[in-house]
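Topology and contacts: notes
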Amino acid sequence: NDSTEGPISCSDQLELQNEWTRSSPHGVVTGLKAGRRLSDGEFDVFATANFLNRQKRTLAKNHLQRLVVDPASDFSSMWSIVELFLLGYDGLTIPFFLLFQPPSSFISEAMTYLSLAFWSLDVPVSFFTGYVTKRGELEMRLATVAMNYVKTRFFW
């Protein structure tokens, strides 16, 4: 953005200059001088921007990739709340129904089918829900997300 003058500072660790924020018509950030070496602790804004731009183009090519859900999204949060509720419900009612065998009612039948449907849908939803890696990075690549699900939660 060329509307401000001078450098833009974020504490004393990172300083961005206006020329660094200009974009080319192809969406690639321009302004890095070729051959410049970074010292320890420096952050290469251009390499990161170019990598992210390339990653977005790659992700957009796969139609199923569009279905991957951010784990911090509203959908994911609501899904987790319903998951917690149904886990508690099933944890209480299944032993109760097995031990005491009360007569079935419309509500108990409806909750049984709702629970069955939810847990059946939970498997594909989990295959398409991104996660945060141990290094704190958001992972949204479908193949990696699905493999992580199979290795961690699928059999649990």
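Summary of the structure given here. Predicted model only: the values in this text are computed from it and were never measured.

Rules of the game
Just so you know, the residues in each chain are numbered from 1, in the order the chain's sequence is written. Reporting of local features is limited, given that this is a predicted model, to residues whose pLDDT is at least 70; pairs of side-chain atoms are given and counted only at 80 or more, and all residues count toward the totals for whole chains, interfaces and linings. To obtain the side-chain values, all non-hydrogen atoms of the structure were used and water was disregarded. By nonpolar core is meant a set of buried Ala, Val, Leu, Ile, Met, Phe, Trp, Tyr and Cys residues that side-chain atoms within 4.5 Å join together. Relative accessible area decides the class of each residue, using a 1.4 Å probe on protein chains only: under 20% of the type maximum gives buried, over 50% gives exposed, and in between gives partly exposed. Secondary structure follows DSSP: runs of H or I at least 4 residues long count as helices, runs of E at least 2 residues long count as strands, and numbering of each begins at the N terminus. Between N-to-C directions, angles cover 0 to 180 degrees, with each direction set by a line fitted to C-alpha atoms, over the stretch in contact for helices. Here the word oblique covers every angle except those under 35 degrees (roughly parallel), over 145 (roughly antiparallel) and from 65 to 115 (roughly perpendicular). In this analysis, two residues are considered to be in contact whenever any of their non-hydrogen atoms come within 4.5 Å of each other. In this count, Pro and Cys sit with the nonpolar residues alongside Ala, Val, Leu, Ile, Met, Phe, Trp and Tyr, while Asp, Glu, Lys and Arg are called charged and the others, Gly among them, polar. Salt bridge, as applied in this entry: a Lys or Arg side-chain nitrogen positioned within 4 Å of an Asp or Glu carboxyl oxygen. By the counting scheme adopted, Arg and Lys are positive, Glu and Asp are negative, and His together with the chain ends is not counted.

Within the largest apolar cluster, five residues are counted, these being W79, L86, M111, F118 and V125. Secondary structure elements with two or more residues in this core: α2 (74-100) and α3 (106-127).

Running from N to C, α3 and helix α4 (residues 142-152) point in directions that differ by 130°, and their axes come no closer than 8 Å. Classed by the angle they form, the pair α3 and α4 counts as oblique. Taking contact as the criterion, the partners of V123, S126 and F127 in α3 are, on α4, L142, V145, A146, Y149 and V150. Within the contact of α3 with α4, the residues separate by chemical class into seven nonpolar, one polar and no charged.

Below, the discussion takes up the pattern of salt bridges. When charged atoms on two side chains of opposite charge get close, those side chains can pair. A full pass over the atoms with the stated rule returns three salt bridges. A salt bridge links R153 to E83, with the nearest nitrogen and oxygen atoms 3.5 Å apart. You can see R153 sitting in the segment after α4 and its partner E83 sitting in helix α2, a full 70 residues away along the chain. Residue classification places R153 among the partly exposed positions, given a relative accessible area of 40%.

With that settled, consider unusual backbone geometry. Phi is mostly negative for residues that are not glycine, and the peptide bonds are mostly trans. One non-glycine residue with positive phi stands out, namely Q101, at about 45°. Residue position: Q101 is located in the loop between α2 and α3. On the basis of relative accessible area, Q101 is assigned to the exposed category, the value being 65%.

For S126, the location among the structural elements is in helix α3. A relative accessible area of 7% places S126 in the buried class. The contact partners of S126, leaving out residues within four places of it in the chain, are V145, Y149 and R153.

The next thing to look at is the side chain of D90. The residue D90 is located in helix α2 in this model. Buried charge without a salt bridge: D90, with R153 as the nearest opposite-charge side chain at an N-O distance of 13 Å. With near-sequence residues (within four places) excluded, D90 lies in contact with P95, S115 and W119.

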